[in-house]
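These are the residues of each chain, in order.
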Protein chains: 2
Amino acid sequence: MNSKIKIALADDHTLFRKGVEELIADWDNMEVVLSECNGAELLKKLTAGNVMPDICILDINMPEMNGFETARAIKATWPHMHILAVSVYDTEFNVISMLRAGAGGYVLKDARPDALKAAIEGLYKNGFHHSELVTGRILHQLLSQTQEANTASLNAKEVEFLKLCCTEMTYREIADIMGVSHRTIDNYRDQLFEKLAIKSRTGLVLYAIRTGIAAI
Amino acid sequence: MNSKIKIALADDHTLFRKGVEELIADWDNMEVVLSECNGAELLKKLTAGNVMPDICILDINMPEMNGFETARAIKATWPHMHILAVSVYDTEFNVISMLRAGAGGYVLKDARPDALKAAIEGLYKNGFHHSELVTGRILHQLLSQTQEANTASLNAKEVEFLKLCCTEMTYREIADIMGVSHRTIDNYRDQLFEKLAIKSRTGLVLYAIRTGIAAI
DNA sequence: TCTGCAAAGGGTGTTTTCACCTTTGTATTT
DNA sequence: AAATACAAAGGTGAAAACACCCTTTGCAGA
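Note that the structure is predicted; figures quoted are calculated from it, not measured.

Novice: Please clarify how the protein's contact with DNA strand D should be interpreted in this entry.
Specialist: Residues in contact with DNA strand D amount to 13 residues; listed here are only the nearest, A:Arg183, A:Thr184, A:Asn187, B:Tyr171 and B:Arg201. Atoms of DNA strand D within 4 Å of the protein: sugar and phosphate make up 56%, bases the balance. With respect to DNA strand D, the side chain of A:Arg183 contributes an N or O atom lying 2.9 Å from a base oxygen. With respect to DNA strand D, the backbone of B:Arg201 contributes an N or O atom lying 2.7 Å from a phosphate oxygen. Those elements that provide at least two residues to the surface near DNA strand D are helix H9 (182–196) of chain A together with helix H9 (182–196) of chain B. Top element by residues in the surface near DNA strand D is H9(A). It accounts for 4 residues. Tallied by class, residues from the surface near DNA strand D come to 4 nonpolar, 5 polar and 4 charged.

Here it is, written out as structure tokens:
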């Protein structure tokens, strides 16, 4: 064996992160060289350049800088860095967005440890690793949708609106907070309905929470 | 040292659970004797009676049987069992409900490992363990509220209804699924509004997700 | 047996949400 | 200068959500 696979972790759930560190410590072909609580911290450490990991394991839902943003930022500077996404949710949207952002693999937090190990090894060796589950989901999604639509890049207004939707305020009250007419709020809502294939405020709330846009 | 503190885990996030197992394995005064993916499984194992842990660490958000239900069920049969609640969320409601359900301590998933260790040891020794954060929150909540209201013991119908609220179905559609009149659904909703001090469907959705009633 | 309570369901009216389509102002392109 | 594009905002009507108050039914306890 030449040398160990160097791994960086970013996850705001410290207990989870420490747990993963312990798991990896038990595997003799890899080691954790960086362990940060969010993407911004990890980027700082990477930029400092003291250690350069082979693989970054990123939680999708992080404060400050979430998994999507972090992945894009890392890929922008280090295009060959391998990224493994970790999340509690396995929605098609999450998986696809993370892969689009440059991740080479996707592991759920309720995966078994050997699945994590396999993902890390596969990612290191081949540059990607996908479980059958994820492959199946992605194929289904990519095939079943009529293209576009789900790119779902939301602008700042839409994100702010979505967050406010996750409260008991009516749209009129949200309009007041955002300083626009309630008609404009109607437009925001209708655009999001269209863009995200949603039909109700409840749908917006669920979407915002699942994607981590709303903190809950 | 006499013998190790025997710990049972119940958490549907396998990776997290395995991580905690590893952490505990590093501490020489305790050991994991049971590790299950939900409350129902844990109860089965406890009932089988082959091993009896000193402490049960329960995730609040589990499918099948969540932390609240599991804690109550365990306390009903083994009133002296110590229960440590673990959750991603630190809402007052979660903390208080869990303590009411019989938990002697509450740890967040983003806690540091030594906080977990301290909680386990404190719980074993004193029967309870509360961080200053949790103590402060509870005091605030208990003092600031005008009593009652938040007992919030929901019956099976209400729980089913809340879960269905976390979809894009209208109340009429929910009524069809539940096999009751949409008038009855109005009653369920109005009762929950009253009971939980909520004013809108969005509020119900947020409540259901925060408490783990809805899986999301 | 009577009483009272709780669950299921109904009536009615207001507010909010949703759908769809139009107008206005402003900035950018050609 | 004209054409284009887009965000903001208005109009209108239908559906859904919310509020409040009422009746029936069944069942448990005095």
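Novice: Explanation requested: helix H8 (residues 171–178) of chain B in the structure shown.
Specialist: Each turn of an α-helix holds 3.6 residues, which means side chains three or four residues apart point in the same direction. Residue and element names in this part refer to chain B. Listing the buried residues of H8 in full gives Tyr171, Ile174, Ala175 and Met178. One side of H8 holds all its buried residues, which, seen down the axis, span an arc of 105°. In H8, the exposed positions angled more than 90 degrees off the buried face are occupied by Arg172, Asp176 and Ile177. Of the residues one or two after H8, Gly179 is the one with positive phi, at around 70°.

Novice: How should I be thinking about the state of the cysteines in this particular structure?
Specialist: By definition, a disulfide links the sulfur atoms of two cysteines through a covalent bond. All names here are of chain A. If you walk through the whole model with that rule in mind, you get 0 disulfides over all chains. There is no disulfide at Cys165, and the cysteine sulfur nearest it, in Cys166, is 6.7 Å away. Given the relative accessible area of 0%, Cys165 is considered buried.

Novice: How should the sheet that holds strand E2 (residues 30–36) of chain B be read in this particular structure?
Specialist: Hydrogen bonds between backbone atoms are what pair the strands of a sheet, whose relative direction is either parallel or antiparallel. Residue and element names in this part refer to chain B. One open sheet accounts for 5 strands, arranged E2-E1-E3-E4-E5; its pairing is parallel. Since the sheet does not close on itself, it has two edges, and those belong to E2 and strand E5 (105–108), each with one partner. Within the sheet, the average angular offset between the axes of one strand and its neighbour, ignoring direction, is 25°. Packed onto the sheet, helix H2 (residues 39–48) meets strand E1 (5–10), E2 and strand E3 (55–59) and runs at close to 115° relative to E2.

Novice: Would you explain the interface of chain A and chain B in this entry?
Specialist: For an interface, size is often stated in terms of accessible area lost upon the parts coming together. Facing 36 residues of chain A, the contacting portion of chain B comprises 36 residues. Counting each side, the surface lost to burial between chain A and chain B is near 3,000 Å², with a carbon and sulfur contribution of 69%. Across the contact surface, chain A and chain B share 0 salt bridges. Summed over the shared surface of chain A and chain B, the result is 10 residue pairs in polar contact (both at pLDDT 80 or more). At the level of elements, helix H1 (14–25), strand E5 (105–108), helix H5 (113–126) and helix H10 (201–211) of chain A are the ones that each hand at least two residues to the side of chain A that touches chain B. Taken together, the residues of the side of chain A that touches chain B sort by class into 18 nonpolar, 7 polar and 11 charged.

Novice: What's the story with empty space enclosed by the protein in this structure? I'm lost.
Specialist: A water-sized probe rolled over the atoms picks out the places where empty space is left. A full pass over the atoms with the stated rule returns 2 cavities of 30 Å³ or more. As a volume, the largest cavity reaches approximately 60 Å³. Surrounding the largest cavity, B:Leu9, B:Ala10, B:Asp11, B:Phe16, B:Arg17, B:Val20, B:Ile57, B:Leu58, B:Asp59 and B:Val86 form its lining. For the lining of the largest cavity, the secondary-structure elements that each account for two or more residues are E1, helix H1 (14–25) and E3 of chain B. Classifying every residue of the lining of the largest cavity by side-chain character gives 7 nonpolar, no polar and 3 charged. Estimated volume of the second largest cavity: approximately 50 Å³. Elements that contribute at least two residues to the lining of the second largest cavity include exactly strand E1 (5–10), H1 and strand E3 (55–59) of chain A. When its residues are assigned to classes, the lining of the second largest cavity shows 7 nonpolar, no polar and 3 charged.

Novice: Whenever I open this one, the packing of aromatic side chains confuses me. Can you help?
Specialist: The relation between two aromatic rings is expressed through the spacing of the ring centres and the mutual angle of the planes. All names here are of chain A. Here the structure, examined in full by the defined rule, presents 4 aromatic pairs over all chains. Of the aromatic side chains, those joined through ring pairs into one cluster are Phe161, Tyr171 and Tyr188. When the ring centre of Phe16 is taken as origin, the NZ or CZ atom of Lys109, which lies over that ring, is 4.2 Å away.

Novice: Got a minute to help me understand the protein's contact with DNA strand C in this structure?
Specialist: Around DNA strand C lies a shell of 13 residues, among which A:Tyr171, A:Arg201, B:Arg183, B:Thr184 and B:Asn187 are the nearest. The sugar-phosphate backbone supplies 55% of the atoms of DNA strand C found within 4 Å of the protein. Measuring from a phosphate oxygen of DNA strand C, one finds a backbone N or O atom of A:Arg201 at 2.7 Å. One of the side-chain N or O atoms of B:Asn187 is found 2.5 Å from a base nitrogen in DNA strand C. At the level of secondary structure, the elements contributing two or more residues to the surface near DNA strand C comprise H9 of chain A together with H9 of chain B. Here the surface near DNA strand C gets 4 residues from one element, more than from any other, and that element is H9(B). Classifying every residue of the surface near DNA strand C gives 4 nonpolar, 5 polar and 4 charged.

Cut-offs used in this document
Residues numbered from 1 in each chain as written. Chains lettered and ligands numbered in written order. Predicted model: local features only at pLDDT ≥ 70, side-chain atom pairs only at ≥ 80, totals over all residues. Heavy atoms only, no water. Near = heavy atom within 4 Å. Polar contact = N/O pair within 3.5 Å; in protein donor to acceptor, adjacent residues only side chain to side chain. Helix = DSSP H or I, 4+ residues; strand = E, 2+ residues; numbered from the N terminus. Nonpolar A, V, L, I, M, F, W, Y, C, P; charged D, E, K, R; others polar. Buried < 20%, exposed > 50% of the residue type's maximum accessible area, 1.4 Å probe, protein only. Arc of directions from axis to C-beta. Disulfide = S-S within 2.5 Å. Pairing = 2+ DSSP bridges. Axes fitted to C-alpha atoms, helices over the stretch in contact; angles between N-to-C directions. Contact = heavy atoms within 4.5 Å. Buried area = accessible area lost by both parts, 1.4 Å probe. Salt bridge = Lys/Arg side-chain N within 4 Å of Asp/Glu carboxyl O. 1 Å grid on protein atoms, 1.4 Å probe; cavity = no way out; pocket = protein on both sides within 12 Å on 5 of 7 lines; lining within 4 Å. Points joined across faces, edges and corners; volume = space filled by probe spheres on them. Phe/Tyr/Trp six-rings, centres within 6.5 Å; stacked < 30°, edge-to-face > 60°. Lys NZ or Arg CZ within 6 Å of the ring centre and 35° of its normal.

Such coordinate-based values are descriptive only and should not be taken to indicate function.
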